[in-house]
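Coordinate inspection notes
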Amino acid sequence: MRKDTIVIREIEAKDNPKIARAIRSVLIEMGVPKVGTAYEDATLDCMTETYSQPKKAYFVVERGNDIIGGAGISPLDHYEGNVCELQKMYFMQEARGKGLGSEMMNTCLDFAKQSGFEQCYLETLPYMEDARKLYKKVGFKSIDKPMGNTGHYSCTVWMLKGL
């Protein structure tokens, strides 16, 4: 796959079923529990609508007519403070190892800064080592307990980055 045939752009309504399928596929591949994770989120099937609110955005990785990954920014649920959450960052196998994760992180964190957030929070799983390496590379630090209440109780690694 050539990187110049790949585009990172904001989600459109036509992408909803494709990104839901891609995310669920990655979660199954990684052996992620179907409960307490993004797998069971009702918003997974209506991402365009979910991220059309102020201070929210979701970006997809598009190759031709395929959506092979994505990530979003949203205010952190059930939290008092100017903190956003990096949400639903998943890439299909063919999108990994090509620098797209770093590119996507830049896109999301730029949006978060432009939206006026002071910090960005994320939750992940301990065995998602490549993802955690990327998060650390861009400045996320591990924290001891979750912030807010995302409903993703199966995610036991919490990280925070100042913007």
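Description of the structure in this document. On a predicted model such as this, the values are computed, not experimentally measured, just so you know. Each chain has its residues counted from 1, running along the sequence as written. In view of the model being predicted, local features appear only for residues whose pLDDT reaches at least 70, and side-chain atom pairs are presented and counted only at 80 or more, with totals across whole chains, interfaces and linings using the full set of residues. Hydrogen atoms and water are omitted, and side-chain values are computed over all heavy atoms in the structure.

1. Examining the overall build of the chain
Elements are defined by DSSP. Helices are runs of H or I of four residues or more, strands are runs of E of two residues or more, and each kind is numbered from the N terminus. If you tally the helices and strands in the chain, you get four helices and seven strands. Along the three orthogonal principal directions, the C-alpha set of the chain runs to about 40 × 35 × 30 Å. Taken across its 163 residues, the chain has 49% of its residues classed as buried. In this analysis, two residues are considered to be in contact whenever any of their non-hydrogen atoms come within 4.5 Å of each other. In the chain, 67% of the contacts between residues at least 6 apart in sequence involve partners at least 24 apart. Working note: accessible area of the chain is about 8200 Å², and carbon and sulfur atoms make up 49% of it. Residues scored as positive are Lys and Arg, those scored as negative are Asp and Glu, and His as well as the terminal groups of each chain are ignored. To locate a charge, the coordinates of NZ of Lys, CZ of Arg, CG of Asp or CD of Glu are taken. The average position of the 22 basic charges and that of the 22 acidic charges among the side chains of the chain differ by 5 Å. Here's how the labels work: a residue is buried when its accessible area is under 20% of the maximum for its type, exposed when over 50%, partly exposed in between, all with a 1.4 Å probe on protein chains only. Residue-level accessible areas treat just the shown protein chains as cover; the underlying method is Shrake-Rupley with a 1.4 Å probe.

2. A short note on the sheet that holds strand 4 (residues 83-91)
DSSP-based pairing: two strands are paired if at least 2 bridges between them are found. Across the sheet, which stays open at both edges, the seven strands sit in the order 1-2-3-4-5-7-6 with mixed pairing between neighbours. On the outer flanks of this sheet lie strand 1 (6-10) and strand 6 (141-143), each paired with one strand and no other. For this sheet, the mean inter-axis angle between neighbouring strands, taken without regard to orientation, is 25 degrees. Direction of pairing for strand 1 relative to strand 2 (residues 57-63): antiparallel, over a ladder of five bridges. Bridging across to strand 2, Val-7 finds its partner in Glu-62. Helix 3 (residues 100-114) contacts strand 1, strand 2, strand 3 (66-75), strand 4, strand 5 (119-124) and strand 7 (157-162) of the sheet and is inclined by roughly 155 degrees relative to strand 4. The strands touched by helix 4 (residues 129-137) within the sheet are strand 4, strand 5 and strand 7, with strand 7 carrying the most contacts at an inclination of about 20 degrees. Axis definition: a line fitted to C-alpha atoms, over the contacting stretch in the case of helices. Angles run 0 to 180 degrees between N-to-C directions.

3. Points about the nonpolar core
The biggest cluster of nonpolar side chains holds 49 residues, and the ones touching the most others in it are Ile-19, Ile-73, Leu-86, Met-89, Met-104, Met-105 and Phe-140. The biggest single contributor to this core is helix 3, with seven residues. Ignoring any residue separated from it by four or fewer positions in sequence, one finds Ile-19 in contact with Ile-11, Met-47, Tyr-58, Val-60, Ile-67, Gly-69 and Gly-70. What makes a nonpolar core is a set of buried Ala, Val, Leu, Ile, Met, Phe, Trp, Tyr and Cys residues whose side-chain atoms join them at distances within 4.5 Å. Formed by six residues, the second largest nonpolar core is a distinct cluster that contains Leu-76, Val-83, Tyr-121 and Trp-158.

4. Focus: unusual backbone geometry
In this structure, Lys-55 is a non-glycine residue whose phi angle is positive, near 65 degrees. With respect to the element layout, Lys-55 can be found in the loop between helix 2 (47-50) and strand 2. Relative accessible area serves as the criterion here: at 34%, Lys-55 is assigned to the partly exposed category. If you check the backbone angles, His-78 has positive phi at about 55 degrees while not being a glycine. Considering the arrangement of structural elements, one finds His-78 in the loop between strand 3 and strand 4.

5. A few points about the pattern of salt bridges
Salt bridges are identified by distance alone: a Lys or Arg side-chain nitrogen within 4 Å of an Asp or Glu carboxyl oxygen. Within the structure shown, the criterion is met by eight salt bridges. The shortest N-O distance in the salt bridge between Arg-9 and Glu-12 comes to 3.8 Å. Given a relative accessible area of 36%, Glu-12 falls into the partly exposed group. The closest approach of N and O atoms between Lys-14 and Glu-62, which form a salt bridge, is 4.0 Å. Placement of the pair is Lys-14 in the loop between strand 1 and helix 1 (16-29) and Glu-62 in strand 2, with a sequence separation of 48 residues. Owing to a relative accessible area of 15%, Glu-62 belongs among the buried residues under this scheme. A single salt-bridge network, built from bridges that share partners, covers Arg-9, Glu-12, Lys-14, Asp-15 and Glu-62.

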